[in-house]
Amino acid sequence: MERTLSIIKPNATIDNNIGNIIKKFEDEGLRIAACKLTVLSKEKAEGFYIEHKERPFFGELVSFMTSGPVVIMALEGENAVDKNRQIMGATNPAEAAEGTLRKLYAKSIGENAVHGSDSLQSAEREINYFFDKNEVISRF
Ligand code: GDP
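Residues numbered from 1 in each chain as written. Predicted model: local features only at pLDDT ≥ 70, side-chain atom pairs only at ≥ 80, totals over all residues. Heavy atoms only, no water.

Things to note about the layout of surface pockets
Inclusion rule: Only protein atoms enter the 1 Å grid used here, on which a cavity is any set of points holding a 1.4 Å probe that cannot leave and a pocket is any open set flanked by protein within 12 Å on both sides along at least five of seven lines; residues with an atom within 4 Å of a point are listed as lining. Grid points are joined across faces, edges and corners, and a volume is the space filled by probe spheres set on the points. Runs of H or I in DSSP of at least four residues are treated as helices and runs of E of at least two as strands, each being numbered from the N terminus. Each residue receives one of three labels: charged for Asp, Glu, Lys and Arg, nonpolar for Ala, Val, Leu, Ile, Met, Phe, Trp, Tyr, Cys and Pro, and polar for the others, Gly being one of them.
By volume, the largest pocket is sized at about 680 Å³. If you go around the largest pocket, you meet 26 residues; those closest to its centre are Tyr49, His52, Phe57, Leu61 and Thr91. Counting residues per element, the ones that place at least two in the lining of the largest pocket are α4 (58-65), α5 (80-88), β4 (114-116) and α7 (120-130). Looking at the lining of the largest pocket residue by residue, the classes come out as seven nonpolar, nine polar and 10 charged. Around the second largest pocket, the lining residues are Arg3, Leu120, Ala123, Glu124, Ile127, Asn128, Phe131, Asp132, Lys133 and Val136. Of all the elements, α7 adds the most residues to the lining of the second largest pocket, at five residues. The residue makeup of the lining of the second largest pocket, split by class, is five nonpolar, one polar and four charged.

Here it is in structure tokens:
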């Protein structure tokens, strides 16, 4: 059993795809352990993406992530970190496999619909970054 952090990004919330995305996670056997709809401040988004601070697209990424509502979730289940990455598909929707969330709902490499932790270690940091311990409800 693992937990991972998922974010439904502003392009997908604005396009009314929150339900479609959550349905896919549930259909694939992941459960929601924590969930909130919010708008990120610039500071919160910068802190979340701190490892990308030196990348040329950092400013664009922060500006996109603060441009509208996001749904932040802790998902749990067997092999949750890798399973979520598979459900999401490649970062660039042009390279994402058929049926993946990014193939279905991303607009571009930047506006790519969903975030998912890339390792168990990042998952722990990212879940703690957004949720207090008592907001994460294990369902296993
Ligand atoms: P991920 O783990 O698949 O989300 O990909 P990365 O960790 O490499 O990048 C983090 C996020 O930065 C991506 O999900 C995109 O939203 C954004 N990003 C990555 N590459 C680019 C780029 O070339 N341009 C822009 N605007 N955003 C990018």
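Here we look at the site of the ligand
Which entries qualify depends on this criterion: Residue proximity to a molecule or strand is established when one non-hydrogen atom of the residue lies within 4 Å of it. Polar contact is the term for a pair of N or O atoms within 3.5 Å; when the atoms are in protein, one must be able to donate a hydrogen and the other to accept it, and sequence-neighboring residues count only if both atoms are side-chain atoms. Each accessible area is a Shrake-Rupley result for a 1.4 Å probe, and residues are judged covered by the shown protein chains and nothing else. Any molecule with more than half of its atoms within 2 Å of a cavity's or pocket's grid points is regarded as sitting in that cavity or pocket.
Neighbouring the ligand are Lys9, His52, Phe57, Glu60, Leu61, Arg85, Thr91, Arg102, Ile109, Gly110 and Asn112. In the environment of the ligand, an oxygen atom lies 3.2 Å from a nitrogen or oxygen atom belonging to the side chain of His52. Within the side chain of Asn112, an N or O atom sits 2.9 Å from an oxygen atom of the ligand. Protein chains bury 81% of the 550 Å² of accessible surface belonging to the ligand in isolation. A majority-of-atoms criterion places the ligand in the largest pocket. Taken together, the residues that form the shell around the ligand break down as three nonpolar, four polar and four charged.

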